[in-house]
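Results of the structural survey
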Amino acid sequence: MNKADQDCANVAEPAETVEGPRSRQWADRYDHVHMQVFGRPGRVMDHGQGAWIWDIDGNRYLDMLAGIAVNALGYAHPAWNRALAQQAGKMAHISNFFASRPQIELAERLLELAQAPDGSRVFFCNSGTEANEAAIKLARLHGTRMGGHPGRILALTHSFHGRSMGSLSLTWKPAIREPFQPLVPGMGFLPAGDSTALEQAFTGEEASDQPVVAVILELIQGEAGVLPLEPDYVEKVRELCSRHGALMILDEVQTGMGRTGHWFAFQDQSLSGGACPDVLTFAKGVAGGFPMGGMITFGSGPSGLLTPGTHGSTFGGNPLGSALALTTLETIQREGLLERAERMGKRLRDGIAACGNPLFTSVRGRGLLDAIQLRSPCASKVAAWCLDHGLIVNPVAPDALRLAPPLIIQADQIDLAVDILSKVPTRLGDVDSPQGDR
Ligand SMILES: *Cc1c(COP(=O)(O)O)cnc(C)c1O
């Protein structure tokens, strides 16, 4: 290629991958039989490999969302596939009347990775919302033990903790919460980052008859648009919880399992200020695409609250999920994916910051949980354009794009994503554009 051709290649629009006839036909069938909770699917997919995924018309996409921060190892990782076949060939499910070696090894490994002290424990379930339900039940028992009445559990504004009634009661966004009122009583919200309001919640008038028994927070508010909390604020939560005997619950459903370049986000001083939780919930990435969630309690205090018969799960900790989680964690370790998440995240943020697209005003995040701030509320249009040009990104807020690729992503794939994003036409950011935002 001569110099002129190279320049030309650099300015060329990325290849088009618009919705093909098969995907359209299957999406129509989808619409006909599924509840309307997710809208029409962007594409109907067929298979993936690493950070790539193909739709049923054969179009290829670079996946910078990874099933919403789930597919840590990408698609069809050989180690994951092998573990799946091996464990499925032995036993997939046995109920919690019995235990299996993968489940026990997984619990041991999680406690080790979380650097949890002696007496810490793990509970397994199947999703993020369920993990938080377990934490809520634990907090209720804790409250009753503390003061003879359940007290209040507080979450932060802009939080997302899930869609089941308990977790939803602690989820901020009014549009998804309010239609389902009345919700669970004894819960409330604190303005995120406001230390004075935090102090007031623990010491003010309301605290004397309804003491705060737990605070639940995300160190990076993922669904709100990848918004990190200030470490000073997190330390303040820790301090007040300790002083008043309340539980500090960290929802690491999105940030855990290597996503931010650490096993858990609280191990990143720049997020936690060094604060350790009493309770940590996880899900999303833990089993690399198999549905699994869980809760870790730190130390013997919170670990002793749930007793036989008080909680449970039919599927939780089943041997198939446990084997896949063990393999996912082993592979993250063996392939150095924590360090890669940190390095690739930096490459991505630096690339975006330098790409010169005037639609982008800033970029933020840790490791491979990142977001681009847009000049105007055009995120849906930008994401649709990217999809039509072979790149999956997520319009997490009207004016922000979330980027959460698999942890195995390669440098040239990061560069390709930046290249496509650099070419997003600025006209999409024109809020008066006749297309409007979806
Ligand atoms: C995704 C998410 C949840 C809910 O997880 P599900 O598996 O969808 O129930 C809860 N908390 C956080 C922080 C999340 O990102």
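Just so it is clear, the model here is predicted, and its values are computed rather than measured.

Considerations on the overall build of the protein chain
Per the secondary structure count, the protein chain includes 17 helices and 17 strands. A globule of 438 residues ought to have a C-alpha radius of gyration of about 22 Å, and the protein chain, at 22 Å, matches this closely. Dimensions of the protein chain, computed from the C-alpha atoms along their principal axes, are close to 75 × 55 × 45 Å. Across the 438 residues that make up the protein chain, the buried fraction comes to 53%.

Section: the UniProt feature "binding site: pyridoxal 5'-phosphate" (unreviewed entry) in the protein chain
As recorded in UniProt, the sites labelled "binding site: pyridoxal 5'-phosphate" (unreviewed entry) are Gly128, Thr129, Phe160, Asp251, Glu252, Val253, Gln254 and Thr314. Spatial dispersion of the annotated residues is evident: they stretch over 187 residues in sequence, and the largest pairwise C-alpha distance comes to 25.1 Å. Secondary-structure assignment places Asp251 in strand E10 (residues 247–251). Filtering out sequence-adjacent residues up to four positions away, Asp251 remains in contact with Asn132, Phe160, His161, Ile216, Leu217, Glu218 and Thr281. Engagement of the side chain of Asp251 in a polar contact is seen with the side chain of Asn132, the distance being 3.0 Å. In this structure Val253 touches Gly128, Asn132, Thr281, Phe282, Ala283 and Lys284, once residues within four positions along its chain are discounted.

Comments concerning the side chain of Thr255
Relative to the helices and strands, Thr255 is located in the loop between E10 and helix H12 (269–272). Overall, Thr255 belongs to the buried group, its relative accessible area being 1%. Here Thr255 is in contact with Ile220, Thr260, Ala265 and Leu369, once residues within four sequence places are set aside.

With respect to the sheet that holds strand E11 (residues 279–282)
Two pairing modes exist for strands in a sheet, parallel and antiparallel, and in both the strands are linked by backbone hydrogen bonds. The mixed open sheet is built from seven strands, whose spatial order is E4-E12-E11-E10-E7-E5-E6. Two strands lie at the open edges of the sheet, namely strand E4 (121–125) and strand E6 (187–190), each paired on one side alone. Neighbour-to-neighbour, the strand axes of this sheet turn through a mean angle of 20 degrees, independent of strand direction. One ladder, built from four bridges, connects strand E7 (residues 212–217) with E10; its direction is parallel. Its bridge partner lying in E10, Leu217 is registered against Leu250.

Examining the packing of helix H4 (residues 78–90) against helix H14 (residues 319–334)
At a minimum axis separation of 9 Å, H4 and H14 run at an interaxial angle of 155 degrees. Taken together, the axes of H4 and H14 lie roughly antiparallel to each other. The two elements H4 and H14 meet at a crossing, and its hand is right-handed. Between H4 and H14, the contacting residues are Ala79, Trp80, Ala83, Leu84, Gln87 and Ala88 on the first element and Pro319, Leu320, Ala323, Leu324, Thr327, Thr328, Thr331 and Arg334 on the second. Split into classes, the residues belonging to the contact of H4 with H14 amount to nine nonpolar, four polar and one charged.

Rules used in this analysis
Residues numbered from 1 in each chain as written. Predicted model: local features only at pLDDT ≥ 70, side-chain atom pairs only at ≥ 80, totals over all residues. Heavy atoms only, no water. Helix = DSSP H or I, 4+ residues; strand = E, 2+ residues; numbered from the N terminus. Rg over C-alpha atoms; globule rule 2.2 N^0.38 Å. Buried < 20%, exposed > 50% of the residue type's maximum accessible area, 1.4 Å probe, protein only. UniProt positions renumbered as here; feature names shortened; annotations may be inferred. Contact = heavy atoms within 4.5 Å. Polar contact = N/O pair within 3.5 Å; in protein donor to acceptor, adjacent residues only side chain to side chain. Pairing = 2+ DSSP bridges. Axes fitted to C-alpha atoms, helices over the stretch in contact; angles between N-to-C directions. Parallel < 35°, antiparallel > 145°, perpendicular 65-115°, else oblique. Left-handed = near helix turned anticlockwise from the far one by under 90°. Nonpolar A, V, L, I, M, F, W, Y, C, P; charged D, E, K, R; others polar.

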